[in-house]
Amino acid sequence: ALRAAGVDAVVSSPAIRALRTARPIGEAASVSQDVDEDLREIDFGRFDGLRFSTIARRHPDVYSRWMASPTAAVFPDGESWKDLRGRARSAFQRIVATHEGRTTVMVTHIGVILAILADVLAIADDRIFGFTIGHARVCVIDADGTPLVRAVDLGGPLELSEA
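Residues numbered from 1 in each chain as written. Predicted model: local features only at pLDDT ≥ 70, side-chain atom pairs only at ≥ 80, totals over all residues. Heavy atoms only, no water.

**Q** So, helix H5 (residues 110-121): which residues are in play, and what are the values?
**A** Because each turn of an α-helix spans 3.6 residues, side chains separated by three or four positions end up pointing in the same direction. Here H5 contains twelve residues, and its C-alpha end-to-end distance of 16 Å stays within 8% of the 16 Å for a straight helix at 1.5 Å per residue. Where H5 is concerned, the buried positions are Gly111, Val112, Leu114, Ala115, Ile116, Leu117 and Ala118. Once H5 finishes, Ala122 follows within two positions and takes phi at roughly 55 degrees, a positive value. (Helix = DSSP H or I, 4+ residues; strand = E, 2+ residues; numbered from the N terminus. Expected span 1.5 Å × (residues − 1). Buried < 20%, exposed > 50% of the residue type's maximum accessible area, 1.4 Å probe, protein only.)

Right, dumping it as structure tokens:
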């Protein structure tokens with residue numbers, strides 16, 4: 001789907017699953033793949049790698065607060081939403097500045113994507129989890145000038161031109 005978009009650059013989270021997604025995109029576009037540490041998912045701290053059911057069983061109070069208000073959760077020995085949002089904002093601004101005027105694919109995670117969308121659309125923290133984005137889906141942000149969200153959660157053929 002991205003082939004027709006004329007990809008000029010690919011920047012990925014360091015997570016293996018992101019790198020495995022970014023590699024074929026870069027290869028299809030004949031561009032190298034860069035890694036940006038700030039595109040990594042939120043640091044779940046001691047919860048990293050645990051299933052939701054395990055967290056709910058072992059830490060019911062933290063789990064219930066997390067489910068009731070995801071952006072207010074602070075993971076033990078991990079990050080808060082505020083930490084993630086600041087990191088994602090910085091990464092987005094840096095990548096846009098570095099690749100100005102170029103079609104750049106950022107391969108990252110739901111938390112980072114939602115944090116970037118929250119910033120671009122000025123969505124309050126307590127509202128950002130009002131929608132979700134599936135795995136291996138595409139969001140399009142035109143970042144030439146004031147960022148403009150053109151699409152969220154695309155999964156079929158990609159059309160980047162204006163209607």
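**Q** Break down helix H1 (residues 16-29) for me, citing the residues and quoting the values.
**A** Given a rise of 1.5 Å per residue, 14 residues ought to cover 20 Å, and the 20 Å separating the end C-alpha atoms of H1 matches this to within 8%. Within H1 the residues assigned to the buried category are Ala18, Leu19, Ala22, Ile25 and Gly26. Close packing links the buried residues of H1 with strand E1 (9-12), strand E2 (33-35) and strand E3 (104-107). Remark: Ser30 follows H1 within two positions and exhibits a positive phi of approximately 55 degrees. (Contact = heavy atoms within 4.5 Å.)

**Q** Explain the pairing of strand E4 (residues 138-142) residue by residue, including any values.
**A** Where a strand is regular, its side chains alternate between the two sheet faces. Two strands pair when backbone bridges link them, and E4 and strand E5 (residues 148-154) are joined in this way by four bridges, in the antiparallel orientation. Bridged to Val138 within E5 is Leu154. (Pairing = 2+ DSSP bridges.)

**Q** Residues and numbers for the confidence of the model for the protein chain, please.
**A** The predicted model of the protein chain averages 91 in pLDDT, with 94% of residues at 70 or higher. Averaged over each element, pLDDT in the protein chain is lowest for E5 (90) and highest for E1 (97). (pLDDT = per-residue confidence, 0-100.)

**Q** Before we move on, could you go through the nonpolar core and cite the residues and values that matter?
**A** Leu39, Trp66, Phe75, Trp81, Val112 and Ile128 are the most contacted members of the largest nonpolar core, which has 24 residues in total. If we ignore the near neighbours within four places in the chain, the residues touching Ile128 are Thr71, Trp81, Leu114, Ala118 and Ile123. By size, the runner-up hydrophobic cluster in this structure holds eleven residues, among which are Val7, Val10, Ala22 and Val107. (Core = buried A, V, L, I, M, F, W, Y, C linked by side-chain atoms within 4.5 Å.)

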